[in-house]
Amino acid sequence: MKAAVLEATYTPLRLTDLPEPVAGPGEAIVQLKAAALNHRDVWVQKGLYPGMKLPVTPGSDGAGIVHAVGEGVDHTWLGREVILNPSLGWGNNPAHYNPKTFRILGMPEDGTFAEFVRIDAAHLHNKPAHLSWTEAAALPLAGLTAYRALFSRGKLREGDKVLISGVGGGVALFALQFALAHGCDVYVTSGSDEKISRAVALGAKDGISYRLPQWQKELGTKAGLFNVIIDSAAGPGFSKLVDVAGFGGRIVMYGGTLGNLTDIVPAKVFFKQLDIMGTTMGTPEEFHAMLRLVEEKQIRPVIDSVYSLEEIEPALRKMEESRQFGKIVLETGL
Ligand SMILES: NC(=O)c1ccc[n+]([C@@H]2O[C@H](COP(=O)([O-])OP(=O)(O)OC[C@H]3O[C@@H](n4cnc5c(N)ncnc54)[C@H](OP(=O)(O)O)[C@@H]3O)[C@@H](O)[C@H]2O)c1
């Protein structure tokens, strides 16, 4: 089978012929129709992810048809259209994953930038019927992360005022769509005015460029303070999120793209009684709940662009440079 393989960090992924994977007990082989990129794939390529193991076929998101199942797996899965939950080995505690068993599909195990992938059959889910293959492949990792960030961690309530930073990102756009579906007023930040306009066209109330030095003041004047803020940038700009958080507000962070937090004024955190919290991926139950929300509200992932497996490098560079609005998808066998 064809697979895009990373052999050494900071090298291009190479299209390689690999043996088709074989299902062990409890596992399934899925013939992929489409896969999707996450920022994680860029971190993995640069060796900036904990527990690096090479060579590897990256890729955490995929949708396809169940091609084979191993011993002990229900044979009615065969031939079914599925999407994959890439949050592996979470464990029994919904508060956090078990660090001894948790992995994300696509490193250390081979992932979805290939024609076939092997996965524990417990991570197969029926593809939502209203989604195309490319839309279905776009959903799993980012959809799950956004769901847990908003609902389980951020305790989102209908009518809350929500701020999503860097709305062009994959997780951020799902957070926008899910919060809108939940009846919230959503504002966004972005480095691009065009992306803000596109977010407003999807239902955001308004947005502001995080490139403006005092954007938090302008946004505060326009929108007031926020109940829930979702962020993956962190870095020195995080203190501005503290400024626009309302009393009893919840700030949920799922990434640290811009590095360490600096200059947070403690008094703003304790007088406003803020909850600042982290989140990563989600539990199997949250994956189910995310799929239910997507199906009930007929939410369709926003696809930025579709590349072939051979075009993995330009696709990764587009993500690295934040040129996308929504998910970048690979056709692996449509
Ligand atoms: N903890 C988890 O489970 C989890 C899950 C998924 C992702 N992540 C992490 O979260 C981050 C985003 O992942 P992704 O896959 O959604 O990436 P992505 O699709 O590449 O999105 C990254 C976005 O970051 C935004 N950004 C850049 N500079 C910013 C700034 N100064 N302030 C606010 N936003 C800024 C950009 O938004 P604009 O284009 O709008 O400017 C960009 O589109 C990565 O670090 C990733 O590793 C963590």
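Just so we're clear, the structure is a prediction, and the values are computed from it rather than from any experiment.

K.L.:
Which parts of the structure should I look at to understand the overall build of the protein chain?
P.N.:
Of regular secondary structure, the protein chain possesses ten helices and 17 strands. Against the compact-globule benchmark of 20 Å for 334 residues, the protein chain has a radius of gyration of 20 Å, which places it among compact chains. Once the C-alpha set of the protein chain is aligned to its principal axes, its extents read approximately 60 × 40 × 40 Å. Counting over 334 residues, the protein chain shows a buried share of 53%. Across the protein chain, contacts joining residues at least 24 apart in sequence account for 71% of those joining residues at least 6 apart. With 33 positive and 36 negative side-chain charges, the protein chain shows a separation of 6 Å between the mean positions of the two kinds.

K.L.:
What is the right way to look at the packing of helix α3 (residues 140–153) against helix α4 (residues 170–181) in this model?
P.N.:
Between two packed helices, both the angle of their axes relative to each other and the distance between the axes serve to describe the pair. Closest axis-to-axis distance for the α3/α4 pair is 8 Å, and the angle between their directions is 55 degrees. In terms of orientation, α3 and α4 fall into the oblique class. For the element pair α3 and α4, the recorded crossing hand is right-handed. Where α3 abuts α4, its residues Ala142, Gly143, Thr145, Ala146, Tyr147, Leu150 and Phe151 lie against Gly170, Val171, Phe174, Ala175, Phe178 and Ala179.

K.L.:
I keep staring at the pattern of salt bridges and nothing clicks. Help me out?
P.N.:
As a working rule, side chains carrying opposite charge can pair if their charged atoms are close by. Considering all chains together, one arrives at 16 salt bridges under this definition. The residue aspartate 61 makes a salt bridge to lysine 327 at a minimum N-O spacing of 3.7 Å. In this pair, aspartate 61 is assigned in strand β4 (residues 61–69) and lysine 327 in strand β17 (residues 327–331), connecting sequence segments 266 residues apart. By sharing partners, the salt bridges in this structure join Lys46, Glu313, Arg317 and Glu320 into a single network.

K.L.:
In this structure, what is going on with the site of the ligand? I would like to understand it.
P.N.:
The ligand sits among 27 residues. The nearest are His39, Ser190, Lys195, Tyr210 and Tyr254. Backbone polar atom of glycine 170 to an oxygen atom of the ligand: 2.8 Å apart, as the coordinates give it. The backbone of threonine 279 places a nitrogen or oxygen atom 3.2 Å from a nitrogen atom of the ligand. The fraction of the free accessible surface of the ligand (910 Å²) that becomes covered by protein chains is 88%. When contributions to the shell around the ligand are tallied by element, the ones reaching two or more residues are α1 (39–45), α3 and α4. For the shell around the ligand, the per-class residue count stands at ten nonpolar, 16 polar and one charged. In this structure, the shell around the ligand is formed jointly by two domains, domain 1 (2–139 + 301–331) and domain 2 (144–278), each of which donates at least three residues.

About the criteria used
Residues numbered from 1 in each chain as written. Predicted model: local features only at pLDDT ≥ 70, side-chain atom pairs only at ≥ 80, totals over all residues. Heavy atoms only, no water. Helix = DSSP H or I, 4+ residues; strand = E, 2+ residues; numbered from the N terminus. Rg over C-alpha atoms; globule rule 2.2 N^0.38 Å. Buried < 20%, exposed > 50% of the residue type's maximum accessible area, 1.4 Å probe, protein only. Contact = heavy atoms within 4.5 Å. Lys, Arg positive; Asp, Glu negative; His and termini not counted. Charge placed at Lys NZ, Arg CZ, Asp CG, Glu CD. Axes fitted to C-alpha atoms, helices over the stretch in contact; angles between N-to-C directions. Parallel < 35°, antiparallel > 145°, perpendicular 65-115°, else oblique. Left-handed = near helix turned anticlockwise from the far one by under 90°. Salt bridge = Lys/Arg side-chain N within 4 Å of Asp/Glu carboxyl O. Near = heavy atom within 4 Å. Polar contact = N/O pair within 3.5 Å; in protein donor to acceptor, adjacent residues only side chain to side chain. Areas by Shrake-Rupley, 256 points an atom, 1.4 Å probe, with all protein chains shown as cover. Nonpolar A, V, L, I, M, F, W, Y, C, P; charged D, E, K, R; others polar. Domains from an automatic or database assignment.

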